[in-house]
Amino acid sequence: MIRLEKRPSPSKVWTYATPVLAVVLTMLAGGILFAILGKDPLEAIRTIFWDPLFHPQFSGFSRPQLLVKAGPLILIAIGLSMGFRAGIWNIGAEGQYIVGALAGAAAGLALYPSESVLIFPMMVIAGALGGWAWAMIPAILKVQFRTNEILVSLLLVYVAENLLASASVGWLRNPEGGGFPGSRSLSGWDASSNPELIAGTGMHWGVVAGFIAVIFAYVVMSRHLLGYHIQLAGQAPRAARFAGVNPSRLIIMCLGISGALAGLAGLFEVTGPAGQISIDFNAGYGFTAIIVAFLGRLNPIGILLAGMLMALTYIGGELAQFMLALPAAAIQAFQGMLLFFLLGVDVLSNYRIRIGARETA
Amino acid sequence: MKLKSLLTSAALAAGLATGAAAQDTTTVGFVYVGPVGDGGWTYQHDQGRLAVEAAYGDKVETIFQENVPEGPDSERVMTQMALAGADIIFTTSFGYMDATNAVAARFPDVKFEHATGYKREHPNVATYDARFYEGRAVIGTIAGHMTETNKIGYIASFPIPEVIQGINSSFLHAQKVNPDVEMSVVWVYTWFDPAKEADAANALINNGVDVIMQHTDSTAPQAAAQAANEAGGRVFTFGQASDMSNFAPSPRIASIIDDWAPYYVKRVGMVMDGTWESGHSWGGMPEGEVVIGPITEEVPAAVKAEAEAMIAAITDGSYHPFTGPIMKQDGSVFLAEGEVATDVQLVTMDFYVQGMTGEIPQ
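All of these numbers come straight from a predicted model, not from anything done at the bench.

**Considering the overall build of chain A**
Now for step 1: Of the regular secondary structure elements, chain A holds 15 helices and two strands.
Now for step 2: The C-alpha radius of gyration computed for chain A amounts to 22 Å, which stays within 12% of the reference 21 Å derived for 361 residues, consistent with globular compactness.
Now for step 3: With respect to the three principal axes, the spread of C-alpha positions in chain A is 80 × 60 × 35 Å.
Now for step 4: Residues classed as buried in chain A amount to 51% of the 361 residues present.
Now for step 5: When contacts within chain A are restricted to residue pairs at least 6 apart in sequence, those whose partners lie at least 24 apart make up 78%.

This is the structure in structure tokens:
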């Protein structure tokens, strides 16, 4: 008989081993899925995990693209992870991402066509403030009225999507765009563009910000009083209260940081890879970042790696789609498996598997 | 070494692409905004892809990618296709416009064809579109006759000229046969989202609309109408982009089919024999790119005959759906008596015609 026995404290070894195990299980189950679809499973797995990095024809382009795709995921996931650790669930990063992009773009475009070098830094600040302000809505409602931040932040995503739609067909629409939706090109206007910093590397300011956020989160979580409070509040809310943690302040801080980082990610995306405000500019980074945060065990270094892995499955998935004619749905199912197995094998870090009859005392 | 610039790899890929062409295989790429199984817009483009394969057999290889969001992802997908050796890439959604031009700049030897757009910034970019408004005129006529509540619903995607043309064309022709008709427009801001499209259809039905048209890609509005009819309602729809014949004879009473096959076969052939060049193609019923699917028996014979006469007139060029007198919503003159809209007037259309209620979102 197999039974689970709760560990007194989560296993250190399994905490690090489970993500790797989850990836391996995903490859196995995914391979079976691809085989059922009539594709060579080894070739499919190789196309997804290996070709974007090492294929002689594609890797020159796709390796830098990994950073472009991972940058916003890491930036957002870092912010989310701090809240998640404290038990504050910001599910609406997608909305904060949109509002950050809108606020930054609007601040910049208000000064069009100035060529001042101060415009881009100002847009960065406006982007962070936009995301922060959007996250303050669930934060204040939670502090004042004890509303559920999961619902409020999630529903505000849909509000933000409508703001984005009205901006791209209305108040931010390119007056020289012939009536078509979409703002002026932000990447094409020197003062607002967020270009590749070193040609051919994919490195833009958003990726730099992502790396800085990783270091910042690492320092805060391991060295700073705020990090201690966050961990305490997440693990033992009552003890945290006795230790002098102010829950309201913590909610405001955590939602504020995650909102600001999501807003920054949106701003860097809209001025760089996306290039303009358009109706469909948000590509779901805010939601995918939730997966990245958990895949990275809410740990800054883990999130860095998880963000890169997620980006790899996206880019490799695209390659697999047109090289092997795999349907898009199979790739999505494959990505879904990753989270499923991660959560599934998580049981190993909290429980011990015992084989044999229960010992009677 | 490893960090070679993008240009180097692009040049390498261009070399490989030329190598492939020398072996007499032309690789044709397609970038789709929805799934190939959407039963509408993307499905039809994929039918065009299959027609290219059927026409040229071993001489072509086609590759495609579905569900590509209109944003930074599309640029990467196109680049990867170009790197994979595509000789021509069809990008089949309006929102791919800037990405298509950006990638085209980096791959001057690869031909790009962008559907429904207007930007051709490089000599290797062409644009193509179909005169969907011709089909709208026909289904607008049928809708005007079929409605009993005098309320027609329109599920619109984005307020861009192409969509506004369709709304105006169908409303003008519905109004011509039924002066009391009103049209409610719901903007869903998506090309493909079955849930949103179904919500829009249900909202329209609950407001007394009994004929629904759509400018979105899924069959969800058809299914919503079918459910309403099973519950005792009387709602009609039109297949959009594809025939959607699964929903015939009712609620689907006719359809506008986009047939991209003739264009795709022609353009790929031009790449093969080296005569391809940039330009804008805007074909309609005369070219066989816009086709009205079977009109079902739910439609009275007289109405069907009227619709068929209009199809014949548009096809032989004797009738243009935008022929004056046509007034704008604000009462000013758009087209004087007998005047026919120019293509420039059509592609910049940003207003409703007289009689429409509501405003185009700004």
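**Describing the sheet that holds strand β3 (residues 88-91) of chain B**
Residues and elements named next belong to chain B.
Now for step 1: In space, the six strands of this open sheet follow the order β2-β1-β3-β4-β5-β11, with parallel pairing throughout. In this open sheet, the two edge strands, each paired with only one partner strand, are β2 (60-65) and β11 (280-283). Sheet twist, expressed as the average angle between the axes of neighbouring strands with direction ignored, equals 20°.
Now for step 2: The pairing of strand β1 (residues 26-31) with β3 spans four bridges and is parallel. When the sheet's bridge partners are listed, Gly-29 is paired in β3 with Ile-89.

**A short note on the interface of chain A and chain B**
Now for step 1: Taken together, the contacts link 31 residues of chain A with 36 residues of chain B.
Now for step 2: The biggest single contributor to the side of chain A that touches chain B is helix α13 (residues 300-324) of chain A, with five residues.

**Things to note about the pairing of β3(B)**
Where a strand is regular, its side chains alternate between the two sheet faces.
Residues and elements named next belong to chain B.
Now for step 1: Neither face of β3 is open: one carries Ile-88 and Phe-90, the other Ile-89 and Thr-91, and all of them are buried.
Now for step 2: Direction of pairing for β3 relative to strand β4 (residues 111-115): parallel, over a ladder of four bridges. Directly across from Phe-90, in β4, lies its bridge partner Glu-113.
Now for step 3: Regarding the hand of the β-α-β motif, the stretch spanning β3, helix α4 (residues 97-106) and β4 is right-handed.

**Thoughts on the environment of A:Tyr97**
All names here are of chain A.
Now for step 1: Topologically, Tyr-97 is positioned in helix α5 (residues 93-109).
Now for step 2: Remark: the alpha-carbon pair of Tyr-97 and Gly-266, spanning 169 residues in sequence, is separated by 4.5 Å.
Now for step 3: Not counting residues within four places of it along the chain, the set of residues in contact with Tyr-97 comprises Ile-76, Gly-131, Ala-262, Gly-263, Ala-265, Gly-266, Asn-282, Tyr-285 and Gly-286.

**Section: the domain arrangement of chain B**
Residues and elements named next belong to chain B.
Now for step 1: Domain parsing of chain B yields domain 1 (6-130) and domain 2 (133-256 + 292-347).
Now for step 2: Relative to domain 2, the C-alpha centre of domain 1 lies at a distance of 31 Å.
Now for step 3: Taken together, the contact between domain 1 and domain 2 spans 13 residues of the former and 12 residues of the latter.
Now for step 4: Classifying every residue of the side of domain 1 that touches domain 2 by side-chain character gives five nonpolar, seven polar and one charged.

**Observations concerning the sheet that holds strand β9 (residues 236-241) of chain B**
All names here are of chain B.
Now for step 1: Across the sheet, six strands lie side by side as β7-β6-β8-β9-β10-β12; this open sheet has mixed pairing. Where the open sheet ends on each side, the last strands, each with one partner, are β7 (182-187) and β12 (290-293). Each neighbouring strand pair of the sheet contributes to a mean axis angle of 15°, computed without reference to strand direction.
Now for step 2: Bridge count for strand β6 (residues 151-156) against β7 is six bridges, and the pairing is parallel. The residue of β7 that forms the bridge with Tyr-154 is Val-185.
Now for step 3: Contacting β6, β7 and β8 (211-214), helix α6 (residues 161-177) runs over the sheet at an angle of about 170° to β6.

What counts, and at which threshold
Residues numbered from 1 in each chain as written. Chains lettered and ligands numbered in written order. Predicted model: local features only at pLDDT ≥ 70, side-chain atom pairs only at ≥ 80, totals over all residues. Helix = DSSP H or I, 4+ residues; strand = E, 2+ residues; numbered from the N terminus. Rg over C-alpha atoms; globule rule 2.2 N^0.38 Å. Buried ≥ 20, exposed ≤ 12 C-beta atoms within 10 Å, placed from the backbone. Contact = placed C-beta atoms within 7 Å. Pairing = 2+ DSSP bridges. Axes fitted to C-alpha atoms, helices over the stretch in contact; angles between N-to-C directions. Right-handed = clockwise from strand over helix to strand, strands pointing away. Domains from an automatic or database assignment. Nonpolar A, V, L, I, M, F, W, Y, C, P; charged D, E, K, R; others polar.

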